[in-house]
Amino acid sequence: MLLFVTIALILAWITLAFLVVFDVREDMWWWVPDVQDEHGVDKDRREGFNVLVSALGPTLLVTLAGLAVYFRRLGQVRRFYQRKAKRNPERLVQTTGSIIGEVVGRDSLCDAIIENLRDTTERRVHIVVGGVGAGKTALLVRMTQRLAHKGAIPIPIRLRDYQKDLDFCKMARRRFEEEITPFVYSQASVDRIWRHLRYTENRIVVLADGLEEALKEKNGERDSYLRNAIRQAQEEGLPLVVTSRPHDPLKAIEAAIITLEPLSQEAAFEYVSAVDKGLDSRRLNRAVAAAGVAESPLYLQITKELNELDMLGHILLDDEDGAGDPRDRVDWQIRFDLAETWIEALVSGRLHPELPIGEEERKATVEYLSALAAVGLRKDRAEVRFDELVPAVNYHTEDDVQGPPPPGSHGALSRNAEAEDQNPNVMVRRELDRRLKRILSGNRPETPDNSTELCPGIDIRVATTWGMRMGVIEEQDGEQVRFRHSIIQAFLGSRYIEEILAGELRSSGALPDCRPRADQKLMEPGREITMALIFYACKESFRCSCKVGKQQESCPVAAARQLLIDMAEALLQNTLESRGGREFAVLTENRGRHLKVIDLYASALDVDCFDNAPHHKDIAAAISGEWGELWDYDQQTLVTAKKSLIRRMGAAARLVGAMNAGRPCYREMFLIGRQDPTYSVRFAVGQEIGDGGDAAYREIPAEGGVAGVAGEPR
Ligand SMILES: [Zn+2]
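Residues numbered from 1 in each chain as written. Predicted model: local features only at pLDDT ≥ 70, side-chain atom pairs only at ≥ 80, totals over all residues. Heavy atoms only, no water.

Chemist: Go over the overall build of the protein, please, and point to the residues and values.
Modeler: Of the regular secondary structure elements, the protein holds 31 helices and eight strands. For the protein, buried positions account for 52% of its 714 residues. Across the protein, contacts joining residues at least 24 apart in sequence account for 75% of those joining residues at least 6 apart. Working note: accessible area of the protein is about 33,800 Å², and carbon and sulfur atoms make up 51% of it. (Helix = DSSP H or I, 4+ residues; strand = E, 2+ residues; numbered from the N terminus. Buried < 20%, exposed > 50% of the residue type's maximum accessible area, 1.4 Å probe, protein only. Contact = heavy atoms within 4.5 Å. Areas by Shrake-Rupley, 256 points an atom, 1.4 Å probe, with all protein chains shown as cover.)

Have a look at this one:
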């Protein structure tokens with residue numbers, strides 16, 4: 001509309017200019033007011049004036065009209081984008097899992113950051129640091145929304161997508177263009193809009209998620225690349241917020257580092273109990289605390305959803321009288337119960353009832369997802385390609401995704417099975433086949449057990465489509481899936497842990513002397529696989545009938561525990577050997593590895609809780625023996641990790657005391673306290689021993705005893 005008016009006006013001006021310049025016919029001037037009489041300007045002056053106006057006019061008008069069009073489009077683009085950010089911030093932030101719903105308790109942090117970004121003189125790059133599941137992405141979702149409400153243009157980018165080069169401004173510009181596709185007429189117009197929003201109006205704010213996942217291919221030069229990219233953003237005055245897991249390069253980066261504190265207990269409780277299901281608030285509150293749900297928005301979200309479905313009751317057993325099994329109070333037990341009940345709700349259709357599939361298909365979907373999760377865990381990756389689990393022979397083209405698999409296709413699966421006997425992925429696939437058959441025969445007795453038609457209509461493609469709609473995974477390039485939340489991946493993967501870690505578990509369970517296979521990925525296991533081992537031990541703990549002093553022959557809990565200890569020791573030995581050289585490259589390569597060793601020992605203690613005959617004293621002895629070797633570039637992080645391991649040991653000692661299952665490990669903790677050079681670590685030991693009361697007092701060696709063990713610590 002505006003465009004047409006502009007064109008009409010331009011045409012009018014051109015006509016006028018033509019008439020004035022060539023002065024065609026005097027009588028055509030009937031509509032021009034006679035200026036001479038009123039203002040005393042003579043004919044010549046008027047002509048000159050007219051010529052001037054006529055020559056400049058069109059240019060001026062074209063410019064004005066162009067500006068009007070431009071500003072109108074600018075306003076449209078801005079409103080379009082901000083509407084997206086306000087209504088569906090989670091869709092704009094690509095890294096978010098759909099499980100994450102409403103975010104609570106982060107508003108004051110958001111506002112503090114926004115306030116600083118607004119001030120152009122004080123503005124700094126902000127890096128928000130938090131561990132797995134601390135709610136970094138959820139924070140970005142919230143910030144996206146709040147920034148849009150304040151009139152800014154928040155641009156979330158996913159750093160995982162950038163492996164070669166890192167230029168925050170360029171990346172944001174590209175992302176912005178993708179999001180405003182309906183308004184893109186030419187590169188030049190996007191450029192103009194971008195420059196205006198970025199420099200003139202200063203509305204652009206870049207929210208970058210997952211610094212630890214960027215530039216993974218850069219290896220040695222990675223740190224300096226990251227540093228330079230952030231410095232460049234700082235110099236350009238780009239408002240930038242980056243999230244990251246704690247990792248070393250952060251130390252050298254000039255930015256405001258903000259550690260994401262766990263949600264306050266109160267905020268978490270308020271969120272979970274939004275719908276009152278008549279559950280005793282005291283019990284609910286304790287569950288929130290015990291499961292550490294405040295530390296991870298995922299547990300929080302799951303707890304809330306289950307509360308709304310009224311499915312929390314049986315998880316939160318009331319053990320007020322203290323007569324129950326003390327292990328019911330173990331945090332991991334509650335976390336496991338939450339995750340398991342959530343999956344049950346998916347299978348029974350109480351969650352996502354809108355999906356048009358029955359329980360059988362839902363069960364099969366969960367099996368496929370679990371198998372994929374396990375394959376990913378072994379590689380320490382959230383992405384899994386379809387052909388890693390199911391070879392290409394079972395592939396379907398996009399067209400027949402809905403159709404049944406071609407007859408006999410599963411027979412082909414086992415053709416090379418003999419040769420691939422040791423391949424963990426193949427073992428997972430065979431177990432998957434077995435379980436799918438069981439699902440089918442369980443619900444349709446008329447189907448013969450040796451049927452080649454495996455769960456008709458549910459192949460891997462169909463299953464992942466349902467998995468996507470359940471919000472568990474996202475599909476990428478049609479060739480692979482990505483698990484949206486590491487805790488869910490760990491839980492699902494734990495259902496196939498015996499297959500994916502078959503070799504490792506066997507060697508650690510039956511033959512405790514064997515080291516895990518020299519698999520690089522397992523030498524440095526990710527956090528997800530250690531979580532999966534804890535979930536596994538919790539799930540299979542009913543199979544443990546160990547007695548104090550007499551370990552059962554094949555106890556799953558013992559196997560998982562031994563594997564974690566083996567991995568910790570192997571990793572430590574590995575770094576100690578390579579540290580001999582003291583070369584710079586070796587030192588940088590080993591950064592953070594001892595933190596992982598500490599985490600593995602803590603996980604071994606977590607697993608140990610589920611054994612009827614805890615071995616926590618052995619684990620504590622190993623920790624105490626190696627304490628002096630633990631080392632890291634980053635002293636502060638090391639001390640924090642050490643203190644949390646000590647608290648973990650204290651909790652194990654108290655649990656063993658309550659279970660009456662052997663002597664608690666206070667003596668080992670005491671030895672640690674004697675050898676650590678840091679005051680705050682020694683103080684933490686003192687606190688735990690103090691909490692131990694009489695039991696601790698009995699374990700601490702008297703003065704003579706101390707002399708006897710003095711030479712023990714290294
Ligand atoms: Zn056992």
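And the narrative resumes.
Chemist: Mind laying out helix 29 (residues 666-675), listing which residues take part and the relevant values?
Modeler: Within helix 29, seven of the ten residues are buried, which leaves it mostly tucked inside the rest of the structure. Turning to helix 29, its buried residues number three or more, namely Y666, E668, M669, L671, I672, G673 and Q675.

Chemist: Tell me about the pairing of strand 5 (residues 256-259), residues and numbers included.
Modeler: Residues A256 and I258 line the buried face of strand 5, whereas the alternating positions I257 and T259 sit on a face that is not buried. Pairing between strand 1 (residues 126-129) and strand 5: four bridges, direction parallel. Looking across to strand 5, one finds that V128 is bridged to I258. (Pairing = 2+ DSSP bridges.)

Chemist: Before we move on, can you summarise the pattern of salt bridges with the specific residues and values?
Modeler: Under the definition given, this model contains 34 salt bridges. Among the ionic pairs, E383 bridges to R160, the shortest N-O distance being 4.0 Å. On the criterion of sequence distance, the pair formed by E383 in strand 6 (residues 383-385) and R160 in the loop between strand 2 (153-158) and helix 7 (168-179) is long-range, its members being 223 residues apart. As far as the burial class goes, E383 and R160 line up, both buried. In this structure, the salt-bridge partner of D191 is R173, at a minimum N-O distance of 3.1 Å. Of this pair, D191 sits in helix 8 (residues 187-200) while R173 sits in helix 7, and the two are 18 residues apart along the sequence. Take R173: its relative accessible area is 13%, and that puts it in the buried class. Three or more residues joined by partner-sharing salt bridges are found here, namely R160, E213, R381, E383 and R482. (Salt bridge = Lys/Arg side-chain N within 4 Å of Asp/Glu carboxyl O.)

Chemist: With reference to specific residues and values, describe the packing of helix 28 (residues 635-659) against helix 29.
Modeler: Any two packed helices are characterised by how steeply their axes cross, that is the angle between the axes, and by the distance between the axes. Running from amino to carboxyl end, helix 28 crosses helix 29 at an angle of 160°, the nearest separation of the two axes being 10 Å. As the angle between them shows, helix 28 and helix 29 are arranged roughly antiparallel. Of the two possible hands of crossing, helix 28 and helix 29 adopt the one that is left-handed. Across the interface between the two elements, I646, M649, G650, A653 and R654 of helix 28 pack against Y666, M669 and I672 of helix 29. A breakdown of the residues in the contact of helix 28 with helix 29 according to their chemical character gives six nonpolar, one polar and one charged. (Axes fitted to C-alpha atoms, helices over the stretch in contact; angles between N-to-C directions. Parallel < 35°, antiparallel > 145°, perpendicular 65-115°, else oblique. Left-handed = near helix turned anticlockwise from the far one by under 90°. Nonpolar A, V, L, I, M, F, W, Y, C, P; charged D, E, K, R; others polar.)

Chemist: Pulling in residues and values, what's your account of the sheet that holds strand 8 (residues 480-483)?
Modeler: If you walk across this open sheet you meet the three strands as 6-8-7, and the pairing is antiparallel. The open sheet has two edge strands with one neighbour each: strand 6 and strand 7 (473-476). For this sheet, the mean inter-axis angle between neighbouring strands, taken without regard to orientation, is 25°. In the sheet, strand 7 pairs with strand 8 via four bridges, with the strands oriented antiparallel. For E474, the partnering residue across the bridge sits in strand 8 and is R482. Against the sheet, helix 14 (residues 359-379) makes contact with strand 6, strand 7 and strand 8, and its axis sits at roughly 110° relative to strand 6, the strand it touches most.

Chemist: Let's hear about the coordination of the zinc ion: which residues, and what values?
Modeler: For the zinc ion, the full set of protein donor atoms is C544 (SG), C546 (SG), C555 (SG) and D611 (OD), at a range of 2.2 to 2.8 Å. Here the zinc ion binds four donor atoms, and the angle range of 74 to 142° at the metal identifies the geometry as irregular. Counting along the primary sequence, the residues that act as donors to the zinc ion give the motif C-x1-C-x8-C-x55-D. Taken as a pair, C546 and C555 share a single burial class, namely buried. (Donors = N, O, S within 2.8 Å, 3.2 Å for Na, K, Ca; no water. Tetrahedral: all angles 85-135°; square planar, octahedral: opposite > 155°, others 65-115°.)

Chemist: Can you lay out the environment of A651 for me, pointing to particular residues and giving the numbers?
Modeler: Following the sequence through the fold, A651 ends up in helix 28. Judged by its relative accessible area of 31%, A651 falls in the partly exposed class. C-alpha separation for the pair A651 and V330, spaced 321 residues apart in sequence, amounts to 9.4 Å.

Chemist: Describe the nonpolar core, listing the residues and the values that go with them.
Modeler: It is characteristic of soluble globular proteins that their nonpolar side chains tend to be buried jointly. In this structure, L389, V472, L492, L533, Y601 and I623 are the most contacted members of the largest nonpolar core, which totals 128 residues. Looking at which element gives the most residues to this core, the answer is helix 24 (residues 556-579), with eleven residues. The residues that make up this core include at least three from each of domain 3 (265-354) and domain 4 (621-714). Non-local contacts of Y601, meaning those with residues more than four positions away in its chain, are made with I565, A568, E569, I619, A622, I623, E626 and L645. (Core = buried A, V, L, I, M, F, W, Y, C linked by side-chain atoms within 4.5 Å. Domains from an automatic or database assignment.)

Chemist: Lay out the environment of L440 in plain terms, naming residues and giving numbers.
Modeler: By the secondary structure assignment, L440 is in helix 17 (residues 424-443). Along the backbone, L440 and E360 are 80 residues apart, and their C-alpha atoms lie at a distance of 7.3 Å.

Chemist: Pulling in residues and values, what's your account of the sheet that holds strand 1?
Modeler: Judged by pairing direction, the sheet is parallel, and its five strands sit side by side in the order 2-3-4-1-5 without closing on themselves. Whereas interior strands pair on both sides, the edge strands pair on one side only; in this sheet they are strand 2 and strand 5. The sheet shows a mean angle of 20° between the axes of neighbouring strands, direction not considered. Summarising the sheet, strand 1 and strand 4 (residues 240-244) pair through four bridges and their orientation is parallel. Paired with H126 across the two strands is V241, which belongs to strand 4. On the sheet, helix 5 (residues 107-118) packs against strand 1, strand 3 (204-209), strand 4 and strand 5 and is oriented at approximately 160° with respect to strand 1. Packed on one face of the sheet, helix 7 meets strand 2, strand 3 and strand 4 and runs near 105° to strand 2.

Chemist: Before we move on, can you summarise the confidence of the model for the protein with the specific residues and values?
Modeler: Averaged over all residues, the pLDDT of the protein equals 77, while 73% of them reach at least 70. Here residues 393-419 is modelled with pLDDT under 50, and outside its nearest four sequence neighbours on either side it reaches 30 contacts, counting other chains as well. Scored below 50 in pLDDT, residues 509-520 makes 19 contacts in the model with residues more than four places away or belonging to other chains. (pLDDT = per-residue confidence, 0-100.)

Chemist: Give me the lowdown on the environment of G673, citing residues and values where you can.
Modeler: Tracing the backbone shows G673 in helix 29. For the pair G673 and S624, spaced 49 residues apart in the sequence, the C-alpha separation amounts to 9.3 Å. If we skip the residues at most four places from it in the chain, G673 touches R682 and V685.

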